[in-house]
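# A structural walkthrough
Below are the chains, spelled out letter by letter.
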Amino acid sequence: MTFKVQRMLVTGGAGFIGSNFIAHVLEKYGAVRMVCVDKLGYAGNLENLSGFLKSEALGFEKLDICNEAGMRTVFERERPDTVVHFAAESHVDRSIMSARPFVESNILGTQILLDLCRQFQVQCMLHVSTDEVYGALSPGQAASLETDSLDPTNPYSASKASSDLMVLSYVKTHDFPALVTRCSNNYGPYQFPEKFIPLAITNAIEDKPIPIYGDGLQVRDWIFVRDHCEAIWRLITHGKTGEIYNIGGHNQPTNIEIARQILTMLGKPESLLEHIKDRPAHDRRYNLDDAKLMAETAFKERVSVAEGLRHTVAWYVKNEPWWRRVKSGEYQTYYERQYVSRK
Ligand code: NAD
Ligand code: DAU
């Protein structure tokens, strides 16, 4: 399919990947009207979009996707031809402490969005999912394929697997034009510093310990966030609706190796590594086979982990005020300062 996007609605666009995606599309492709819907939960930071908010090309609505009436108003006004669905509770550790918000945003929110997309005859809905739905791989086990069975092990991945199945059920039942993408671990600018890489970078800058769960030998398939964004764009414009696509980073470092690289880049000592109690049901390894993505969209360019980490570390060093505002909680007043105080 070759599809010309004109009006795109992005859910969760004030979060890490969503804000990088909006920047990527506006900077690289332009000529697309975008509207971002985000409830600005703890992980939503409008400052991530500050470079684009004054542009006519981007609209913003502070809204929960579970608010069906509010969402209908946005669909009526914007009439999107494309919806890219990032909005979700995304942190595994939080889902272990409390699963309910994951069921609400990730499952119920997706179902509400699907019905509105159908009603307003959206031509392409891309549901952003995760490699976590396949569950853990043992050492030496082959990389996960789109056809593999699902085996989520924590409430976050169970909620994402449920939302994938809901989307795929609409494809089958209603001939609904959706794609499901399953990406591996993202890293890069604007990632909330509860996630491993930005937590390690910002703690190291502050000479604070870097928490390493268990032995630190867990393996993730790290992808630089802008590579994920480019793959999503290629799939919207050249992928096939009704299909699932893996998007991987093509590397397999252990967590401890990543932490050591960060310390070396910042000139900090290894004594900052602090092994702590492991995460319950901690998936040992993920690895994705994304040959289908590469064959169908010619997507191949990927930043290496060494280069992507250097770029990311440099970004956090340069943008210390951004992450200090996040860690202090000050970022949560950005929306009020931009919008409410002017009314
Ligand atoms: P994030 O937590 O940084 O951002 C999520 C955004 O969604 C936030 O801005 C939040 O306010 C918003 N949101 C949450 N619930 C909402 C609701 N009910 N209504 C409106 N807005 C809501 O997450 P992220 O890392 O950017 O992940 C984005 C998507 O990509 C998620 O669906 C996640 O499952 C998926 N994903 C993430 C990764 C990763 O490594 N981070 C990898 C694969 C897939
Ligand atoms: O695989 C894709 C998934 O990657 C996404 O679907 C999730 O939204 C995203 O949060 C991420 O999940 P992880 O649990 O893999 O990411 P996190 O950054 O929390 O942890 C990465 C690895 O580092 C994991 O093995 C747990 C470990 N870790 C994490 C933290 C926060 C630590 O050792 N110490 C920590 O303090």
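Coordinates for the structure precede this section.
A quick note: this is a predicted structure, and the numbers were derived from the prediction, not measured.

Scanning the protein from N- to C-terminus turns up twelve helices and eleven strands. For 343 residues, the compact-globule estimate of 2.2 N^0.38 gives 20 Å, and the C-alpha radius of gyration of the protein, at 19 Å, lies within 12% of that figure. A principal-axis box enclosing the C-alpha atoms of the protein has dimensions of 55 × 50 × 35 Å. Of all 343 residues assigned to the protein, the portion counted as buried reaches 56%.

A word on the sheet that holds strand β4 (residues 82-85). Reading across from one edge, β3-β2-β1-β4-β5-β6-β10 is the order of the seven strands in this open sheet, with parallel pairing throughout. This sheet does not close on itself; its edge strands, each paired only once, are β3 (58-62) and β10 (244-247). Neighbour-to-neighbour, the strand axes of the sheet open up by a mean angle of 20°, direction not taken into account. Bridging between strand β5 (residues 124-130) and strand β6 (residues 178-183) involves six bridges; their strand directions are parallel. Each residue of the ladder has a partner; that of Leu126, found in β6, is Leu179. Its contacts with the sheet place helix α7 (residues 225-238) against β1 (7-11), β4, β5, β6 and β10, and it is angled at close to 145° to β5.

Moving on, we come to the packing of helix α4 (residues 100-119) against helix α5 (residues 155-174). For the pair α4 and α5, interaxial distance at closest approach is 8 Å and the crossing angle is 15°. In terms of axis orientation, α4 runs roughly parallel to α5. Relative to α5, the crossing made by α4 is right-handed. Residues Phe102, Asn106, Ile107, Thr110, Gln111, Leu114, Asp115 and Arg118 of α4 touch α5, and the partners they reach there are Tyr156, Ser159, Lys160, Ser162, Ser163, Met166, Val167, Tyr170 and His174. Tallied by class, the residues present in the contact of α4 with α5 amount to seven nonpolar, seven polar and three charged.

Rules of the game
Residues numbered from 1 in each chain as written. Chains lettered and ligands numbered in written order. Predicted model: local features only at pLDDT ≥ 70, side-chain atom pairs only at ≥ 80, totals over all residues. Heavy atoms only, no water. Helix = DSSP H or I, 4+ residues; strand = E, 2+ residues; numbered from the N terminus. Rg over C-alpha atoms; globule rule 2.2 N^0.38 Å. Buried < 20%, exposed > 50% of the residue type's maximum accessible area, 1.4 Å probe, protein only. Pairing = 2+ DSSP bridges. Axes fitted to C-alpha atoms, helices over the stretch in contact; angles between N-to-C directions. Contact = heavy atoms within 4.5 Å. Parallel < 35°, antiparallel > 145°, perpendicular 65-115°, else oblique. Left-handed = near helix turned anticlockwise from the far one by under 90°. Nonpolar A, V, L, I, M, F, W, Y, C, P; charged D, E, K, R; others polar.

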